[in-house]
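# Geometric and topological summary
Spelled out from the first residue to the last, the chains are:
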Amino acid sequence: MDTQQLIIDTAEKIFADHCDKALWDATEQGAFPTELWQQIVDNGFHQLGAANSGTETRDLFAFLKVCGRFAVPLPMAEILLANQWLGTHAPAEGFASIGAQAADGLVQVAWGRKATTVLGIASDSYEVSVHNAATVSGEGTNLAGEARDTLVVDAVEQQIQLTDAPYAQLALARVNLMAGCLQAVLDLGLQFAAERSQFGRSISKFQAIQHALAVVAAEVAASQRAADAGVDAMGSDRFEQEVAAAKARVGEAVGIVAEQVHQVHGAMGYTYEHRLHHFTRRLWAWRDEWGNEFYWQAKLGQHLAGLGADKVWGYIATPS
């Protein structure tokens, strides 16, 4: 068994034991999932992709797909990327998180209220600012109820220069989270269709339901491939363009998949008591974080337009 498959199998077992509706509901009320976080630390998952960890960056993103599939209520994308960027300066206790730089501090910091170190990035920069002291000026949440805070930070402790744009790396992290979450939504739709009976037979026998789930399966498959393409392009000169295409494509899939699977579930899927919304609300939230599909479509369009008409097809047809 290779390292990546071992990571995936172990993560699946841990998340299957810990990630349930009770935990999702509790974190939406502001409770930090301490027990789950300790399991992640004990198994070394918080160091995936970091130097001297024995793992690669692609292992980090494969793990994020699993996190998305189980709707893990922790900011694993921010934690893993922050630890990778910080290297030996990563916090020994607690965790580091990441937010977007704003005029008065950092915004949209995932679980900023609990972070011991915070990193700030800008959409047009390859630099990351490191802050070891920060004050929470506003606690907030995204559509899924995940903690997203505004912080006032002290002076910059360190500046890190990256070879791949940090904003694009976070967008790619969201792509992989969404790819995993989309798979979970498909699985929920298939399970419900097989178990639910109407007019004396399983609704999975109805052609309309079969068609809806076939559409969903196609969107999920496309999203998985888009996520993999973005990861494969890391370190290349077309990384940001591959991320742009992936974030736009997966964002489009989110709208289709969530609509179709909610319709398959009928009224049941719209209740708070059902678990479906914990996945679809995350999809809707992650779709907009670190650039929605319109943002990335514009970035990709600008790049292609800058190539000139004679070079566009060659660029699209040539693998990275």
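A few points on the structure. (Residues numbered from 1 in each chain as written. Predicted model: local features only at pLDDT ≥ 70, side-chain atom pairs only at ≥ 80, totals over all residues. Heavy atoms only, no water.)

### Things to note about the packing of aromatic side chains
Put simply, the rule reads: Aromatic pairs are defined between Phe, Tyr and Trp rings, using the six-membered ring for Trp, whenever the two ring centres lie within 6.5 Å; interplanar angles under 30 degrees are classed as stacked, those over 60 as edge-to-face, and all others as tilted. Helix and strand definitions here come from DSSP, where helices need a minimum of 4 consecutive H or I residues and strands a minimum of 2 consecutive E residues; each element is numbered from the N-terminal end. For every residue, the accessible area obtained with a 1.4 Å probe (protein chains only) is divided by the maximum for its type, and the residue is called buried under 20%, exposed over 50%, and partly exposed between those limits.
Enumeration according to the criterion identifies 11 aromatic pairs in this entry. When the centroid spacing of 5.8 Å and the interplanar angle of 10 degrees are considered together, the rings of phenylalanine 32 and phenylalanine 95 count as stacked. Highlighted residues: phenylalanine 32 in the loop between helix 2 (21-28) and helix 3 (34-42) and phenylalanine 95 in the loop between helix 5 (76-86) and strand 1 (96-102), separated in sequence by 63 residues. Judged by relative accessible area, phenylalanine 32 falls into the buried class, the value being 16%. Where tryptophan 37 meets phenylalanine 95, the ring centres are 5.6 Å apart and the plane angle is 70 degrees; that geometry is what we call edge-to-face. Remark: phenylalanine 95 occurs in the loop between helix 5 and strand 1 and tryptophan 37 occurs in helix 3; sequence separation between them is 58 residues. In terms of burial, tryptophan 37 and phenylalanine 95 fall into one category: buried. Here the aromatic cluster, defined as three or more aromatic residues joined through ring pairs, consists of Phe15, Phe45, Phe63 and Phe70.

### Some details on the pattern of salt bridges
Which entries qualify depends on this criterion: Salt bridges are defined as contacts in which a side-chain nitrogen from Lys or Arg sits within 4 Å of a carboxyl oxygen from Asp or Glu.
On inspection of all chains with the given rule, the structure shows 15 salt bridges. The salt bridge partner of arginine 148 is glutamate 146, with a shortest N-O separation of 3.3 Å. Of the two residues examined, arginine 148 and glutamate 146, each falls in the buried class. Of the charged contacts, one joins glutamate 289 and arginine 174 as a salt bridge, the two residues approaching to 2.8 Å between their closest N and O atoms. Of the two residues, glutamate 289 sits in the loop between helix 9 (276-288) and helix 10 (293-307) while arginine 174 sits in helix 6 (residues 166-195), which places them 115 residues apart along the sequence.

### Observations concerning the environment of phenylalanine 95
Counted only if it meets this: We call two residues in contact whenever any of their non-hydrogen atoms come within 4.5 Å of each other.
Given a relative accessible area of 4%, phenylalanine 95 falls into the buried group. Sequence separation between phenylalanine 95 and glutamate 78 is 17 residues; the distance between their C-alpha atoms is 9.3 Å. When residues no more than four places from it in sequence are discounted, the contact partners of phenylalanine 95 are Phe32, Trp37, Pro75, Ile79, Trp111, Lys114, Ala115, Thr116 and Thr117.

### Side note on helix 3
Quick reminder of the rule: To be clear, the arc concerns the directions from the helix axis to the C-beta atoms.
Taken together, the buried positions of helix 3 are occupied by Leu36, Trp37 and Ile40. On an axial view of helix 3, the arc spanned by its buried residues comes to 100 degrees, and they lie on one face. Exposed and facing more than 90 degrees away from the buried side of helix 3 are Thr34, Glu35 and Asp42. In this fold, the buried residues of helix 3 make contact with helix 1 (3-18), helix 2 and helix 5. Of the residues flanking the end of helix 3, it is glycine 44, one or two places downstream, whose phi is positive at about 75 degrees.

Structural measurements only, silent on function.
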